[in-house]
6 protein chains.
Amino acid sequence: MPETPTKPVLLTGASGNLGRMLARELAALGWTLRLTDIAPFPDPLPPRAGFTRMDLADGVGLLRLAEGCGAILHFGGISVEQPFGTVLGPNIQGLYHVYEAARREAARVIFASSNHSIGFHERPKGADGSPHGAESEKIDMDCAFRPDGYYGLSKAYGELMGRLYWDKHGVENVNLRIGSCFPEPTEARMLSTWLSYADLARLCVAAVTAPRSGHCVIWACSDNPASFWGQDHRDRIGWQPQDSAEAWRARVGHITSGNPVIERYQGGSYTAIGYSRGKPSARDAFALD
Amino acid sequence: MPETPTKPVLLTGASGNLGRMLARELAALGWTLRLTDIAPFPDPLPPRAGFTRMDLADGVGLLRLAEGCGAILHFGGISVEQPFGTVLGPNIQGLYHVYEAARREAARVIFASSNHSIGFHERPKGADGSPHGAESEKIDMDCAFRPDGYYGLSKAYGELMGRLYWDKHGVENVNLRIGSCFPEPTEARMLSTWLSYADLARLCVAAVTAPRSGHCVIWACSDNPASFWGQDHRDRIGWQPQDSAEAWRARVGHITSGNPVIERYQGGSYTAIGYSRGKPSARDAFALD
Amino acid sequence: MPETPTKPVLLTGASGNLGRMLARELAALGWTLRLTDIAPFPDPLPPRAGFTRMDLADGVGLLRLAEGCGAILHFGGISVEQPFGTVLGPNIQGLYHVYEAARREAARVIFASSNHSIGFHERPKGADGSPHGAESEKIDMDCAFRPDGYYGLSKAYGELMGRLYWDKHGVENVNLRIGSCFPEPTEARMLSTWLSYADLARLCVAAVTAPRSGHCVIWACSDNPASFWGQDHRDRIGWQPQDSAEAWRARVGHITSGNPVIERYQGGSYTAIGYSRGKPSARDAFALD
Amino acid sequence: MPETPTKPVLLTGASGNLGRMLARELAALGWTLRLTDIAPFPDPLPPRAGFTRMDLADGVGLLRLAEGCGAILHFGGISVEQPFGTVLGPNIQGLYHVYEAARREAARVIFASSNHSIGFHERPKGADGSPHGAESEKIDMDCAFRPDGYYGLSKAYGELMGRLYWDKHGVENVNLRIGSCFPEPTEARMLSTWLSYADLARLCVAAVTAPRSGHCVIWACSDNPASFWGQDHRDRIGWQPQDSAEAWRARVGHITSGNPVIERYQGGSYTAIGYSRGKPSARDAFALD
Amino acid sequence: MPETPTKPVLLTGASGNLGRMLARELAALGWTLRLTDIAPFPDPLPPRAGFTRMDLADGVGLLRLAEGCGAILHFGGISVEQPFGTVLGPNIQGLYHVYEAARREAARVIFASSNHSIGFHERPKGADGSPHGAESEKIDMDCAFRPDGYYGLSKAYGELMGRLYWDKHGVENVNLRIGSCFPEPTEARMLSTWLSYADLARLCVAAVTAPRSGHCVIWACSDNPASFWGQDHRDRIGWQPQDSAEAWRARVGHITSGNPVIERYQGGSYTAIGYSRGKPSARDAFALD
Amino acid sequence: MPETPTKPVLLTGASGNLGRMLARELAALGWTLRLTDIAPFPDPLPPRAGFTRMDLADGVGLLRLAEGCGAILHFGGISVEQPFGTVLGPNIQGLYHVYEAARREAARVIFASSNHSIGFHERPKGADGSPHGAESEKIDMDCAFRPDGYYGLSKAYGELMGRLYWDKHGVENVNLRIGSCFPEPTEARMLSTWLSYADLARLCVAAVTAPRSGHCVIWACSDNPASFWGQDHRDRIGWQPQDSAEAWRARVGHITSGNPVIERYQGGSYTAIGYSRGKPSARDAFALD
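Below is a short write-up of the structure. None of the values given here were measured: they were computed from a predicted structure. (Residues numbered from 1 in each chain as written. Chains lettered and ligands numbered in written order. Predicted model: local features only at pLDDT ≥ 70, side-chain atom pairs only at ≥ 80, totals over all residues. Heavy atoms only, no water.)

**Considering the packing of aromatic side chains**
Here's step 1: Using the criterion set out here, one finds 74 aromatic pairs over all chains in the structure.
Here's step 2: An angle of 70° between the planes, with centres 6.1 Å apart, marks the rings of Tyr151 of chain A and Tyr270 of chain A as edge-to-face. Here Tyr270 of chain A lies in the loop between α9 (260–264) and α10 (280–285) and Tyr151 of chain A lies in helix α4 (residues 150–169), a separation of 119 residues in the sequence. For the pair Tyr151 of chain A and Tyr270 of chain A, a shared accessibility class is recorded, and that class is buried.
Here's step 3: By way of ring pairs, the aromatic residues Phe84 and Tyr150 of chain A together with Tyr96, Tyr99 and Tyr165 of chain B are connected into one cluster. (Phe/Tyr/Trp six-rings, centres within 6.5 Å; stacked < 30°, edge-to-face > 60°. Helix = DSSP H or I, 4+ residues; strand = E, 2+ residues; numbered from the N terminus. Buried < 20%, exposed > 50% of the residue type's maximum accessible area, 1.4 Å probe, protein only.)

Structure, rendered in structure tokens:
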């Protein structure tokens, strides 16, 4: 089991579902946490944790909050598809504040990125229908970004901000392309994309405690046979998922949308929000991808 | 010679150096232009051109200005490295307004991207010292983004916004990764990166008039033997540069910075602004790239 | 019964009392609705309706929401007397966004104007005390604006914005000078000004489905014998109110304010908010009206 | 000659062409002036005058500046057609600050309104071609507002704000619907609309010094035989223009635009900015005005 | 008993704990109150009281609300330690609006200042441990400001704003350096700092009704033997506290923090928020105070 | 002569008159300077100096600019009496950013405070008329703040911010209450308040290079016999002024304002801006100071 970090860890977005789970789990490991969110923290404060209510727009305040921290788990900001104007402040400007804080503290950033940064990649053929996706069709971490909305675009931006801060300032960062992190899978797509709470908690522990990370990218889904995703940097931080969505196949494997856009692309329903490109089939005819 | 566009073309950033040159050259071809900038247009208005002074932050105004246009040459916004807060409004929010305008008009976007979106790629060995760079070391258009500052990061974001609008809405866009567009080369690096005014003007003509573009990426430099850059979508739009920086080698080939960061990376001096990663040699020792 | 609109209808202010009633009634007629409000929609979504939570200040967002709509029922914004600074954004800037959206879509605007845009007209003599107001004293739609507060002033501005967009851009608009739209009359003044929910719903149906409207103005009250108001454009859109406040006379006819300002002017209690002109009698002595 | 006001007079927009002329002329009459503008005052300060540089958006500051003043000549804000967003602050919010200041001081407002608040009224037949317009076709001050753009709309709003403050608070205000106030006429339309500097100065003197004004409206043009405008409140304040544009007929009577929209409507060129209603002839066919 | 004020009294922060208590108590004395707060007023409105919901940032609105008032009890704004950016608007800008309103109305300001404006003064020796603090160690009202955080700093700023408005404009103001105003003492420090609700209410009555106040400063704590504070202007306004914290000594006298910073300084726990100066003992060694 | 600082020194307000002089003088001593201002730096850059154009409102940017600095000479912000709203941002919010930067860097702040923070103290009797002011009437550094306007109030706030950061965080700061820093005296008051450029430069050198400063306050005027000011912390930092205004007595000793307010108070003309307290003599009669 990894050692407890010697410095406090800052967790943004602490009042959200994932934030609350992480606060509970990491505190249980004996970590010292600083929690922050724009919304009040609804649970009892875990031991050794403090909570500061703050807007990510308050850059000077965030820099102060991060003083002395060795890592920032950045789960704050908008976490679903929203109009551009709603995403801009928290996910673009707020991210910059997080990276400036990390640079000042020589802290590592663990960034809650998303599969929606690459959501317009097509799903591997047969990924839903067969227990095991074709390995050769999986995409690797160095695939092109294909954001499926303003949210996914902000996540791609965040990963590139991490690249910049690593290249220019040596700020380490671990970018978790989270699939679908819920208590359990609820539709066929999640047989590929599901990430269990326990696997996420273990991933965050690994990302914080790995001796070195550099700039790295992780496909944050459980050990799902039907996963869309292949090679990444998990060995560098020493993480392996232990759960699998496959056990839910009988219960949810038949739950699909019936929408050909949604079913074609990895990003699922987000790809269909405002979709106006014409039928996907028409696109195939269109030689330019 | 390509035909004159049947619809007006909107040119943002019209009052800048490149904007003024393009306004003059495109008007001379008989195009109907709508010019806009936050600064007044300093030249006499070319024939068939109108000028509207406007901030890219005025989204509803920009949408109105674009009504009826068939293409948007987006050269507006911040065009050099600046603090994050200065870049955010024009290059992130303003870009969104441009893409919403293009979606509404089914217009094509020609986006003045930059080599600084990939500026932290290393230069090919010998690119400066020999007349012909090693072909095998050139990077292609599908290389990873490696922004070298907040400016370059905004340009990577802009290319990905183009990707999103193409995937989701079928908005075509041509992303010009401009090297160094000046009247003539003034330092050794420009033997690789220089783009002549005439080549840029021809590139914009090709980008606007090509029957189809989809989402495409162009290395916007002249036909320089020492270029860092390889394969791109130029055939799709039918463009070939006609000028070359090589003729300036004797005059500028010895003008280098003496700064190992600057000389190592493609982005040149931008990579060194605020650079704090330690000596590049140290980085080699560091196994994580 | 009028035909169902072929295009979707956008309803702003959908989460308010009138908005919710209209959403329910119009959906029941088979209309396809897009609902929006700054507050969440508290009811179950009617069939064929979507809801988007949005601030009227987001102009680019509103234009997108209106895409493809044939009519905009604009019931959003501030709907009671408020300080100027509170009214300015939603009712002035927001209105502009609505009209720009309508211009883009060649859609018709049905604008929830108000009797408070003319509230400082005096009530006809005897309007309260007798079952039937003097016809000759009624004011027609082309009376001068006499706003009775910042709210009423914003409504006059809205009607004139409609006039401008009709004159300059041919955008049709129907301006409903709503009296008092509540489930039932609750004071003597409402014997003149009451508008039943059913009459409002029928009015909106007529306003949307009339073949032509141009810029028109409607006194939006029920068929009240004691009405203050005379000639308007109702024939143009084919609307006649079917309810009447008169049935409530016995119950509410004696409920007056005792405030001479309120009782003198059509706008009722709004005219007295902050009133500082001296006694109305003094005003009579003052020759300048 | 009217007496010098006993209290100082506040002049907004003092650094503009009309403001500078008024500052000079009124100071020459011995008036005590407080001048303000967002731009520096370019002339030497007249005797008994002070200048405060201020944005009309600073409401608390404007209220303080107006302390002790007996009249406000409000010539500040945007004075030409501009995008909505540019007009909103100075001409809507700024106007509110002016009226609150006037209410606090029981001061009279003299408001530089504009013919563009009614610019979409048609010109009287023959108004341009004959020395004397048909009297019966002239429009009176109580005509309907027909704003010809966002600027004109803000002026209509300003007149109605004046109406509200008179009705509710007894704040007197004189609304000058200025035609074309320039050193001399420069086109045929100005034979109808020209207002000489001297006539404007005399009008302001009359408006400030009249014993009573109430809410009144003045057609602010010189004694032009070809005027479009008829009855107003000039007798109430004791003003008669003394100059006439007619002397310029030979020089400018042939200078017209050739644009049927411009020539048809009183607002002239402003009516054509962004005009998209189709040909005016088509509009005649359209029964709904 | 003092007479009822002849003019209405404006109470800001009316929806807070102290505001609600004061509204209730002062209304019971027959005062006419205008209540305001950014939050709704949660209680039934007292007799002769009106409530206006408003942000202190709305300066023009606040000036209007204060019209005709003879005194302003300014209890609005942030009332606990908060990040600088949170304090700035309400407590700095809002305060300016209050003082401008008072100047306009020649009203007296009663300002809820705080002991935290001087919180970094050391506690008198033995103040906690003995029933009676050493008189000679008490600090007087003219002690130096020693703010213990951004909140306390804003209160010092407020007192100095009062000094300025008295010196320059003759605006009277009574600055209440409130200790700990709660229903009853809950820790040892409050044996020194407690202010009973009844004493606060009587203090506000005295401050409003005193014939003259000039700029004065009051240590607003009850008649506590262990008080830290000595001479002030209470005689000028005729106030004497009647309650005492001493009765709670047995119950709370042992409740201390164990933190040497907190226990050393008068401001108590606020002084320790973000404290980073090293151990207080080290400071003693440091000759510069 | 003091040693050159080992760390760079940040100078805000570098483009102002004092800033330019200091940049020149300090660079001539061999110091490494970082210059910043909202306006461009008009002079050639001194050796070892860099210039960054920035608004003090950009807190995250300022923190970055200060990285590695050992001292901040804070001469930026508004430096004359201005409306409150103009002063608020630069002098209140900007100051906070400076102090946060200093805390992060453990840097010392040298703050350009002003005599206007105490300007409503009366001048010593005879200070103007005799070559030597009465020593006993001079005020010491621990006198009460008596700001004479919004500018002076912001300077008092700045000194108290310094007090807070010293007490809570051990940030050292030297507060220079600058009198009148001009090339030479130009009126009688400056015989008391004048500070020569050379004395200011020496003062800044002393303030930066003193081994320890704590929180200290300096009367920043030259060695003027007619000075209003007495004891301060100059010994702590080892500074003595070397110039004197007395040599200008014959030339400017008779130049006074004739305004009794100006001549009575130390702040001079600033005390009279907007003064509305009645004649000072009346104030004497008023027992409450």
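**Notes on the packing of helix α3 (residues 84–105) of chain A against helix α3 (residues 84–105) of chain B**
Here's step 1: Orientation of α3 of chain A relative to α3 of chain B, taken along the N-to-C sense of each, is 150°, at an axis distance of 12 Å. Overall, the two elements α3 of chain A and α3 of chain B adopt an arrangement that is roughly antiparallel. Handedness of the crossing formed by α3 of chain A with α3 of chain B: right-handed. Two secondary-structure elements touch here, α3 of chain A through Phe84, Leu88, Ile92, Gln93 and Tyr96 of chain A and α3 of chain B through Phe84, Leu88, Ile92, Gln93 and Tyr96 of chain B.
Here's step 2: Split by residue class, the contact of α3 of chain A with α3 of chain B holds 8 nonpolar, 2 polar and no charged. (Axes fitted to C-alpha atoms, helices over the stretch in contact; angles between N-to-C directions. Parallel < 35°, antiparallel > 145°, perpendicular 65-115°, else oblique. Left-handed = near helix turned anticlockwise from the far one by under 90°. Contact = heavy atoms within 4.5 Å. Nonpolar A, V, L, I, M, F, W, Y, C, P; charged D, E, K, R; others polar.)

**Focus: the interface of chain C and chain D**
Here's step 1: Contacts between the two partners involve 42 residues from chain C, matched on the other side by 43 residues from chain D.
Here's step 2: Summing both sides of the interface, chain C and chain D together bury roughly 3900 Å²; the carbon and sulfur share of this comes to 64%.
Here's step 3: Across the chain C-chain D interface, the total number found is 0 salt bridges.
Here's step 4: Our enumeration of links across chain C and chain D arrives at 19 residue pairs in polar contact (both at pLDDT 80 or more).
Here's step 5: Those elements giving two or more residues to the side of chain C that touches chain D turn out to be α3 (84–105), α4 (150–169) and α10 (269–272) of chain C.
Here's step 6: For the side of chain C that touches chain D, the element with the most residues is α4 of chain C, which contributes 13 residues. (Buried area = accessible area lost by both parts, 1.4 Å probe. Salt bridge = Lys/Arg side-chain N within 4 Å of Asp/Glu carboxyl O. Polar contact = N/O pair within 3.5 Å; in protein donor to acceptor, adjacent residues only side chain to side chain.)

**Details of the relation of the copies chain C and chain D**
Here's step 1: Taken as rigid bodies, chain C and chain D are interconverted by a rotation of 180° and an axial shift of 0.0 Å, the fit giving an RMSD of 0.0 Å. With respect to symmetry, the two chain copies, as superposed, fit the operation of a two-fold axis. The rotation axis passes nearest to the C-alpha of Tyr157 of chain C in chain C, at a distance of 3.0 Å. (Least-squares fit on C-alpha atoms with pLDDT ≥ 70 in both.)

**Re the pattern of salt bridges**
Here's step 1: Applying the stated criterion to the full structure yields 96 salt bridges over all chains.
Here's step 2: Where Asp167 of chain B meets Arg163 of chain B, a salt bridge forms, and the shortest distance between an N and an O atom there is 2.9 Å. Placement of both Asp167 of chain B and Arg163 of chain B in helix α4 (residues 150–169) is noted, with a separation of 4 residues, approximately one turn of the helix. Here Asp167 of chain B and Arg163 of chain B have matching classes, each one buried.
Here's step 3: The partner of Glu263 of chain C in a salt bridge is Arg123 of chain C, and the shortest N-O contact between them spans 3.5 Å. Remark: Arg123 of chain C occurs in the loop between β5 (108–114) and α4 and Glu263 of chain C occurs in helix α9 (residues 260–264); sequence separation between them is 140 residues.
Here's step 4: Here Glu263 of chain C falls in the partly exposed class, since its relative accessible area comes to 24%.

**A word on helix α3 (residues 84–105) of chain E**
An α-helical turn contains 3.6 residues, so any two residues separated by three or four positions project in the same direction.
All names here are of chain E.
Here's step 1: For α3, with 22 residues, the first-to-last C-alpha span of 31 Å sits near the 32 Å given by 1.5 Å per residue.
Here's step 2: The largest bend in α3 amounts to roughly 30° and is located at Gly94.
Here's step 3: Most of α3 sits out of view: 17 of its 22 residues are buried.
Here's step 4: Within two residues after α3, Ala106 carries a phi angle of roughly 50°, on the positive side. (Expected span 1.5 Å × (residues − 1). Bend = angle between axes of the 7 residues up to and from the residue.)

**Remarks on helix α6 (residues 197–209) of chain A**
Here's step 1: Along its 13 residues, α6 of chain A runs 18 Å from first to last C-alpha, staying within 8% of the 18 Å computed at 1.5 Å per residue.
Here's step 2: Every buried residue belonging to α6 of chain A is among Asp199, Leu200, Ala201, Leu203, Cys204, Val205, Ala206, Ala207 and Val208 of chain A, and all of these are buried.

**Describing the sheet that holds strand β3 (residues 49–53) of chain B**
All names here are of chain B.
Here's step 1: Ordered by their spatial adjacency, 7 strands build an open sheet running β3-β2-β1-β4-β5-β6-β9, and the pairing between neighbours is parallel. Each of the sheet's edge strands pairs with one partner strand only, and the pair in question is β3 and β9 (215–220). The average undirected angle you get between the axes of adjacent strands in this sheet is 20°.
Here's step 2: Running at roughly 155° to strand β5 (residues 108–114), α4 makes contact with β5, β6 (173–178) and β9 of the sheet. (Pairing = 2+ DSSP bridges.)

**A short note on the arrangement of the chains**
Here's step 1: No part of chain B reaches chain E; the closest C-alpha pair between them is 18 Å apart.
Here's step 2: You won't find any contact between chain C and chain F; their C-alpha atoms come no closer than 18 Å.

**Re the nonpolar core**
Here's step 1: Ranked by internal contacts, the top residues of the largest apolar core, which has 282 residues, are Met161 of chain A, Met161 of chain B, Met161 of chain C, Met161 of chain D, Met161 of chain E together with Met161 of chain F.
Here's step 2: Contact partners of Met161 of chain B, with chain neighbours within four places excluded, come to Phe84, Tyr150 and Leu153 of chain A together with Leu95, Tyr96 and Tyr99 of chain B. (Core = buried A, V, L, I, M, F, W, Y, C linked by side-chain atoms within 4.5 Å.)

**Observations concerning the sheet that holds strand β6 (residues 173–178) of chain A**
All names here are of chain A.
Here's step 1: Strand order in the open sheet made by the 7 strands is β3-β2-β1-β4-β5-β6-β9, with parallel pairing throughout. Of all strands in the sheet, those with a lone pairing partner are β3 (49–53) and β9 (215–220), marking the two edges. Going from strand to strand, the sheet's axes swing by 20° on average, the running direction of each strand aside.
Here's step 2: Here 5 bridges tie strand β2 (residues 33–37) to β3, and the two strands are oriented parallel to one another. Bridge assignment links Leu35 to a residue of β3, and that residue is Phe51.

**Some thoughts on the side chain of Lys155 of chain F**
Here's step 1: Within the secondary structure, Lys155 of chain F is located in helix α4 (residues 150–169).
Here's step 2: With sequence-adjacent residues up to four places away left out, Lys155 of chain F is seen in contact with Asn91, Phe111, Ala112, Ser113, Ser114 and Ser117 of chain F.

**As for the state of the cysteines**
Here's step 1: Per the stated rule, a full pass over the model turns up 0 disulfides over all chains.
Here's step 2: The thiol of Cys143 of chain C is unpaired, and the distance to the nearest cysteine sulfur, on Cys221 of chain C, comes to 13 Å.
Here's step 3: Lacking any disulfide linkage, Cys69 of chain E is separated from the closest cysteine sulfur, that of Cys204 of chain E, by 15 Å.
Here's step 4: The class for Cys69 of chain E is buried, based on a relative accessible area of 0%. (Disulfide = S-S within 2.5 Å.)

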